[in-house]
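# Observations on the three-dimensional arrangement
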Amino acid sequence: QVQLVESGGGLVQAGGSLRLSCAGSGRTFSSSAMGWFRQAPGKEREFVAAIAWSGGPIYYADFVKGRFTISRDNAKNTVYLQMNSLKPEDTAVYYCAAKRTTVVSGPFDYWGQGTQVTVSS
């Protein structure tokens, strides 16, 4: 059974940092593109960042460029999202996602349960 388990969410003040982790199990994700999405209350889920299987190319949503960094450790089957300079509008449930294929484009196949990130002003 394929599983993606996120961790690292929590409550942080504006301007602070958090590092999210997503550990995969049930298959190897070293050849899979992986990404992060988020969903704020009352809003649709939106793309945050994605990384190809080899560590590049990397894509970011405009609203996180320069603040968030996605990375991966294929040996640990884990993808990370380092979030700096957090803003109250970053408050959302953050989801990890993975694809069966190496390319970033197109829909993601596997999803985690999400981790809550709350940024206070």
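In what follows, the structure referred to is the one given above.
A short tour of the structure in this document, coming up.

Conventions used here
- Residues numbered from 1 in each chain as written.
- Predicted model: local features only at pLDDT ≥ 70, side-chain atom pairs only at ≥ 80, totals over all residues.
- Heavy atoms only, no water.
- Phe/Tyr/Trp six-rings, centres within 6.5 Å; stacked < 30°, edge-to-face > 60°.
- Helix = DSSP H or I, 4+ residues; strand = E, 2+ residues; numbered from the N terminus.
- Buried < 20%, exposed > 50% of the residue type's maximum accessible area, 1.4 Å probe, protein only.
- Pairing = 2+ DSSP bridges.
- Axes fitted to C-alpha atoms, helices over the stretch in contact; angles between N-to-C directions.
- Disulfide = S-S within 2.5 Å.

### A look at the packing of aromatic side chains
- Following the criterion strictly, the structure yields five aromatic pairs and no others.
- When the centroid spacing of 6.1 Å and the interplanar angle of 85 degrees are considered together, the rings of Phe 29 and Tyr 110 count as edge-to-face. In this pair, Phe 29 sits in the loop between strand S3 (18-25) and strand S4 (34-39) while Tyr 110 sits in strand S10 (residues 110-111), placing the two residues 81 residues apart along the sequence. Across this residue pair, the class does not change: Phe 29 and Tyr 110 are buried.

### A word on the sheet that holds S3
- An order of S1-S3-S8-S7 is seen for the four strands of this open sheet, with the pairing classed as antiparallel. With partners counted over all chains shown, the strands left at the sheet margins are strand S1 (3-7) and strand S7 (68-73), one partner each. The mean inter-strand angle of the sheet, taken between neighbouring strand axes irrespective of direction, is 15 degrees.

### Section: the state of the cysteines
- A complete count under the given rule lists one disulfide for this structure.
- Covalent S-S linkage joins Cys 22 and Cys 96, the inter-sulfur distance amounting to 2.0 Å. The sign of the -75 degrees torsion about the S-S bond sets the Cys 22-Cys 96 disulfide as left-handed. Taken together, the residues Cys 22 in strand S3 and Cys 96 in strand S9 (residues 92-98) connect sequence positions 74 residues apart. Note on accessibility: Cys 22 and Cys 96 belong to one class, buried.

### Quick word on the pairing of strand S5 (residues 46-51)
- Bridging between S4 and S5 involves five bridges; their strand directions are antiparallel. In the strand pairing of S5, Trp 36 is matched with Ala 49.
- Adjacent in sequence and paired antiparallel, S4 and S5 are bridged by six residues, among which Gly 42 carries a positive phi angle near 75 degrees.
- Relative to strand S6 (residues 58-60), S5 runs antiparallel, the two being bridged by three bridges. From the neighbouring strand, Ala 49 faces S6, where its bridge partner is Tyr 60.
- The turn linking S5 back onto S6 is made up of six residues, and Gly 55 within it adopts a positive phi angle of 100 degrees.

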